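Chain by chain, the residues run as shown.
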Amino acid sequence: MTGHRAKTLLGAGAVVLVVLAGCSGGTDTPTVAASPAASLPPAEVVERALSDIERYWTATYPTISDGKPFQPIQGGYHPYTQSTPPPACGGEEGVYQPNAFYCPVGDFIAWDAEKLIPELQSNFGQLLVAVVMAHEYGHAVQHRLGVTDQPTVVLEQQADCYAGAWIADAKAGHAGSFTGITPAQIDDALAGMLQLRDQPGTSATNPGAHGNAFDRIRAFQDGVENGATKCAGYNSDNLPITEVPFTRDRDAATGGNLPYEEAVDTIVKDAEAYWAKAYPQLTGKPWTPLKVQPFEPGSAPVCADPDAIANGAAFYCPDGDFIAYDDQKLQALYEQLGDNAVGLLLGDLYARAVQHRRGQSTEGSAGQLTVDCLNGSWTNDLLKRGNQPDATTLSPGDLDEAVAALLALGRATKGTGASGFDRIAAYRNGVLNGLSACK
Ligand SMILES: [Zn+2]
């Protein structure tokens, strides 16, 4: 978050040169811990994934190509290591990088079998490995369709969307491998996609840009929910792209993070101001300022029936009508994920207060998803402020921090009723469409 700088939704306008070797892997950005489920060797997971993705495209390609048949990859599949680098791609010599990529000239897919793929599998599970392969195969589909004259960020999101479309097909039981995909496995894969995001501050028009995690997960979910035909229609005019570069030196130096105390103070003031404006729109009633208090570990203020999140580390108290949070745990979240993880958590509590005050539920999957949408509507307001002087605005990376916090606070593995996948979709609905989407 920042004080003065404006951030707006970009419609990626400029057409940039397509960089062929796309898909960088390891970044040193913070990630959410994930549960590994590595029962097969990575090489076998890759092999099964590619074989099933071929099956999927053989069946699906004619539906997006006016009936033309699908031609599988002709140049082969190439695992590589530091001692056996990937094949040359056109005029470019093959050099080792912790990557996976599709080479259009040679029509092959290659991947780092030494580090990237085994690490992704052990950290985030087998499904993420398959998603990476489905993404690369998506680039092969783009070349077969002859639709590569698009900004890189559009092509990357389209490949993510195609990967989601394959997942949906596998989930529907059409796959020989990857049967019985669970919401928890998908949430693990989403957590992995956070690690594969661009570094915060990458411009959407940068030739290597893949999109921030918020946008990439949107594209992936679009594929899961709407299938390959929807993905095939992507272009720079119909994608909401939220990735923006750092435009202030301070942002670039700090990663866009305010100091902790200042972040909490800014977030609480802004949430108050937002709900003072939005609550009357929602209910026709005025908003009463909400008391927000930190507490030391083990000395939470008394509350008869707290509406708690983060295992009780933060809650809204309906009886006393106040918010309280464990200051040390909130600071730990800040240090792990960034200032807008704090924004996501406090925004969640404000949305709970809104639900209680207007007599609606926060419980079960439906209650949680309404809370997430209301929380997102505040982010929508932050994104719409443009160049107003002294406005609190989001900085690059903030939306990804929110997504990371959603996955950290409520994943399918933790049995909250709503999966991380569904919570991110509900939050994004509020972010992209505003308060009226949440009623
Ligand atoms: Zn790619």
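Computed from a prediction, not measured in an experiment: that's the story for all the values here.

When pLDDT is averaged across the protein chain, the result is 84; 83% of the residues are at 70 or more. Confidence over residues 3-38 falls short of pLDDT 50; this stretch has 114 contacts with residues more than four positions distant or in other chains.

Turning to unusual backbone geometry, a few remarks are in order. Trans is the prevailing form of peptide bonds, just as negative phi is the prevailing case for residues other than glycine. Look at Asp-107: it is not a glycine, yet its phi comes out positive at around 50°. Along the chain, the position of Asp-107 falls in the loop between strand 2 (100-103) and strand 3 (108-112). Backbone geometry at Asp-321 places phi at a positive 55°, although glycine is not the residue there.

Another aspect to go through is the nonpolar core. With 114 residues, the main nonpolar core has Trp-57, Trp-275 and Leu-346 as its most contacted residues. Here this core spans two domains, since at least three of its residues come from each of domain 1 (42-232) and domain 2 (257-438). With near-sequence residues (within four places) excluded, Leu-346 lies in contact with Val-264, Ile-267, Val-268, Tyr-325 and Leu-330.

Here we come to the pattern of salt bridges. Scanning the model with the defined rule gives 13 salt bridges in all. Its salt-bridge partner being Lys-269, residue Asp-265 comes within 3.0 Å of it at the nearest N-O pair. Taken together, the residues span about one helical turn, with Asp-265 and Lys-269 both in helix 8 (residues 260-283) at a distance of four residues. Looking at Lys-269, the relative accessible area reads 56%, which means it is exposed. Residues Arg-423 and Asp-348 are paired through a salt bridge, measuring 3.5 Å at the closest nitrogen-oxygen approach. Taken together, the positions of Arg-423 in helix 13 (residues 420-433) and Asp-348 in helix 10 (residues 339-357) put the pair 75 residues apart, joining distant regions of the chain.

You can see Gly-430 is positioned in helix 13. Its relative accessible area of 0% is what places Gly-430 among the buried residues. Placed 58 residues apart in sequence, Gly-430 and Asp-372 show a C-alpha to C-alpha distance of 7.6 Å. Those residues in contact with Gly-430 that sit more than four places away from it in its chain are Cys-373, Gly-376, Ser-377, Asn-380 and Cys-438.

On to the environment of Pro-301. Structurally, the position occupied by Pro-301 is in the loop between strand 4 (291-295) and strand 5 (307-309). Through-space distance from the C-alpha of Pro-301 to that of Ala-324 is 7.4 Å; in sequence the pair is 23 residues apart. Excluding residues that lie within four positions of it along the chain, Pro-301 makes contacts with Gln-293, Phe-295, Phe-315, Phe-322 and Ala-324.

Tallied over the entire structure, the rule returns 16 aromatic pairs. On the numbers, 6.5 Å between centres and 90° between planes, the contact of Phe-214 with Tyr-427 is edge-to-face. Note that Phe-214 is positioned in helix 6 (residues 213-232) and Tyr-427 in helix 13, a separation of 213 residues in sequence. Each member of the pair Phe-214 and Tyr-427 is classed as buried. Grouping aromatic residues by their ring pairs yields a cluster made of Tyr-274, Trp-275, Tyr-279, Trp-287 and Tyr-350. Directly above the aromatic system of Phe-322 lies the positively charged group of Lys-291, at a separation of 5.9 Å from the ring centroid.

Axis separation between helix 1 (residues 42-64) and helix 3 (residues 126-145) bottoms out at 9 Å; the angle between their running directions is 40°. The orientation of helix 1 with respect to helix 3, classified from their angle, is oblique. Every pair of crossing elements has a handedness; the one defined by helix 1 and helix 3 is right-handed. Across the interface between the two elements, Val-45, Val-46, Ala-49, Leu-50, Ile-53, Glu-54, Trp-57, Tyr-61 and Ile-64 of helix 1 pack against Gln-126, Val-129, Ala-130, Met-133, Ala-134, Tyr-137, Val-141, Arg-144 and Leu-145 of helix 3. Its residues assigned to classes, the contact of helix 1 with helix 3 comprises 15 nonpolar, one polar and two charged.

Along its 14 residues, helix 13 runs 20 Å from first to last C-alpha, staying within 8% of the 20 Å computed at 1.5 Å per residue. When we look at burial in helix 13, the residues that qualify are Gly-420, Phe-421, Arg-423, Ile-424, Ala-426, Tyr-427, Arg-428, Gly-430 and Val-431. On its buried side, helix 13 packs onto helix 5 (183-195), helix 6, helix 10, helix 11 (364-383) and helix 12 (398-409). Positive phi shows up at Gly-434, right after helix 13, with a value of about 80°.

About the thresholds
Residues numbered from 1 in each chain as written. Predicted model: local features only at pLDDT ≥ 70, side-chain atom pairs only at ≥ 80, totals over all residues. Heavy atoms only, no water. pLDDT = per-residue confidence, 0-100. Contact = heavy atoms within 4.5 Å. Helix = DSSP H or I, 4+ residues; strand = E, 2+ residues; numbered from the N terminus. Core = buried A, V, L, I, M, F, W, Y, C linked by side-chain atoms within 4.5 Å. Buried < 20%, exposed > 50% of the residue type's maximum accessible area, 1.4 Å probe, protein only. Domains from an automatic or database assignment. Salt bridge = Lys/Arg side-chain N within 4 Å of Asp/Glu carboxyl O. Phe/Tyr/Trp six-rings, centres within 6.5 Å; stacked < 30°, edge-to-face > 60°. Lys NZ or Arg CZ within 6 Å of the ring centre and 35° of its normal. Axes fitted to C-alpha atoms, helices over the stretch in contact; angles between N-to-C directions. Parallel < 35°, antiparallel > 145°, perpendicular 65-115°, else oblique. Left-handed = near helix turned anticlockwise from the far one by under 90°. Nonpolar A, V, L, I, M, F, W, Y, C, P; charged D, E, K, R; others polar. Expected span 1.5 Å × (residues − 1).

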